[in-house]
Amino acid sequence: MAGPWTEECSIMKKIGIINKIIAFSNVDGPGNRTAVFFQGCNLHCLYCHNPETIHFCVGCSACLAVCPTGALEGGHGKAVMGEGDMLQPVTWHPQKCISCDACIKACPHLASPKTRRMTAEELLTEIKKTAPYINGVSFSGGECTLQRDFLVEVIPLIRQLGLGVLLDSNGTYDFEKDPELLEMIDGVMLDIKAVDPAVCRTLTGAGPEMPIKNLKYLQSVGKLAEVRTVLLPEEGGSLPGEGQNRRSAASGRGSETILVTSSEKATSEGSFFDDDGGWHGEAVTGEGDLHPPNSMNELTVRTVASLLSPAIPYKLLRYRPFGVRQEGIDIIGNTITEESAAEALAALARSLGAENCRVV
Ligand code: SF4
Ligand code: SF4
């Protein structure tokens, strides 16, 4: 998928652009892990809770004016050279920062001025501080595979500490073409956001084909650590159930596909599944409203469950609007996915063979 990140990432070879490091995390993979969040993503998911990780700072200076402590300098559209000869439009002084996040809220570009440019050795130094207390390291983002060359440099160093490594990926990277990277990691925690091509594009900006391919491939080579799906809420705060508002919103974003009504659902499902329940990914087109959310959720859960080995963890994440940008709330809504609906889908997944499915 082409996008601004293409050029941005072309300058990233041996320097990692890192949004944040969480020293101890128990939600980014099994056990106690250090989680490294990279800056930059090639998707723009409507329910993203960290939208400031999507793009890179362009030095517009909007954030400088709101910083109460003078922790930011530079900007004015001029890139200055920082350490490692990397473009560094704004300089962040962590020692002056009080973590108020006013800069994040003020940024009109889904970026952050609070990124760090680190060599592999510098990141290793950080990880050595937590190494005695953790089970492994997880790379997340943003989308960590966009900084693949940095990963390939730093992961062997982490391995030498005796630590395992997992990648958290949106699934758009073609892992089958990168055996070198796959060889050095324990596995991939993979997002399958939606299997309906039009819904997936509306939600994320890209289709489901590569994530589905990755699910199958990574599982076949023993590198699928877990799969996650965000369950959309049945009711949208400003959206009266299914229907016109969602369709209008999707059309406004340039979505090329009109989805089907629930009365057409049986027909549409026929285009997704073969006789064994496997997904073969034909696009759905036609006039009508968006699927009701629960139909979208169910289609995705059914598909993933039909593909997944029983032991692979399958996590169903309830949509929560906290931290979601207005664009997403306008389309998805402002309510949390019902726990009972999520649990019913988890039970469905388990009944279809994904025995290790649970709601988180
Ligand atoms: S989070 Fe830090 S850099 Fe950003 S506005 Fe607040 S003090 Fe300034
Ligand atoms: S972080 Fe955002 S607001 Fe601040 S200079 Fe960069 S692009 Fe502009």
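Note: the structure precedes this text.
As the structure is a computational prediction, the values presented were derived from the model and not from experiment.

What counts, and where the lines are drawn
Residues numbered from 1 in each chain as written. Chains lettered and ligands numbered in written order. Predicted model: local features only at pLDDT ≥ 70, side-chain atom pairs only at ≥ 80, totals over all residues. Near = placed C-beta within 6 Å. Nonpolar A, V, L, I, M, F, W, Y, C, P; charged D, E, K, R; others polar. Helix = DSSP H or I, 4+ residues; strand = E, 2+ residues; numbered from the N terminus. Expected span 1.5 Å × (residues − 1). Buried ≥ 20, exposed ≤ 12 C-beta atoms within 10 Å, placed from the backbone. Pairing = 2+ DSSP bridges. Axes fitted to C-alpha atoms, helices over the stretch in contact; angles between N-to-C directions. Contact = placed C-beta atoms within 7 Å.

Student: Help me understand the site of ligand 1 in this model?
Tutor: What surrounds ligand 1 is a group of 15 residues, the closest being Cys 67, Ala 71, Cys 97, Cys 100 and Cys 103. Partitioning the shell around ligand 1 into residue classes produces 11 nonpolar, two polar and two charged.

Student: Help me understand helix 7 (residues 209–220) in this model?
Tutor: The α-helix advances 3.6 residues per turn, and as a result positions three or four apart in sequence lie on the same side. Its 12 residues place the ends of helix 7 17 Å apart at the C-alpha level, agreeing with the 16 Å of an ideal helix rising 1.5 Å per residue. Gly 222 lies just past helix 7 and shows a positive phi near 75°.

Student: Even after reading the chapter, I still don't get the pairing of strand 2 (residues 33–38), so can you show me in this structure?
Tutor: Consecutive side chains along a regular strand alternate between the two faces of the sheet. Among the six residues of strand 2, six are classified as buried, and the element is accordingly described as predominantly covered. The alternating pattern of strand 2 places Arg 33, Ala 35 and Phe 37 on one face and Thr 34, Val 36 and Phe 38 on the opposite face, and all of these are buried. Two strands pair when backbone bridges link them, and strand 1 (residues 15–25) and strand 2 are joined in this way by five bridges, in the antiparallel orientation. Considered in strand 2, the bridge of Lys 20 is made with Phe 37. Strand direction decides the pairing type here: strand 2 and strand 8 (residues 136–140), joined by five bridges, are parallel. Residue pairing across strands places Thr 34 opposite Val 137, the latter belonging to strand 8.

Student: Can you help me understand unusual backbone geometry in this one?
Tutor: Apart from glycine, the bulk of residues carry a negative phi angle, and the bulk of peptide bonds sit in the trans form. Note the cis peptide between Gly 141 and Gly 142, where omega equals 20°. Within the fold, Gly 142 resides in the loop between strand 8 and helix 4 (148–159). Non-glycine residue Asp 101 carries a positive phi angle of around 65°. The partly exposed category is assigned to Asp 101, around which 13 C-beta atoms lie within 10 Å. At Leu 110, a residue that is not glycine, the phi angle is positive and equals roughly 50°. Looking at the secondary structure, you find Leu 110 in the loop between helix 2 (102–106) and strand 7 (116–119). Residue Leu 110 is classed as partly exposed on the basis of its C-beta count, with 18 C-beta atoms lying within 10 Å.

Student: How should I be thinking about the sheet that holds strand 9 (residues 164–169) in this particular structure?
Tutor: Read from one edge to the other, the open sheet built from nine strands follows the order 7-1-2-8-9-10-11-12-13, with strand pairing classed as mixed. Since the sheet does not close on itself, it has two edges, and those belong to strand 7 and strand 13 (357–359), each with one partner. Averaged over all pairs of adjacent strands, the angle between their axes in this sheet comes to 30°, without regard to strand direction. The sheet contact formed by strand 11 (residues 224–231) and strand 12 (residues 314–318) spans five bridges and is parallel. Opposite Val 227, over in strand 12, you have Tyr 314 as the bridge partner. Docked against the sheet, helix 3 (residues 120–130) engages strand 1, strand 2, strand 7 and strand 8, running at close to 95° with respect to strand 7.

These figures come from the coordinates and say nothing about function on their own.
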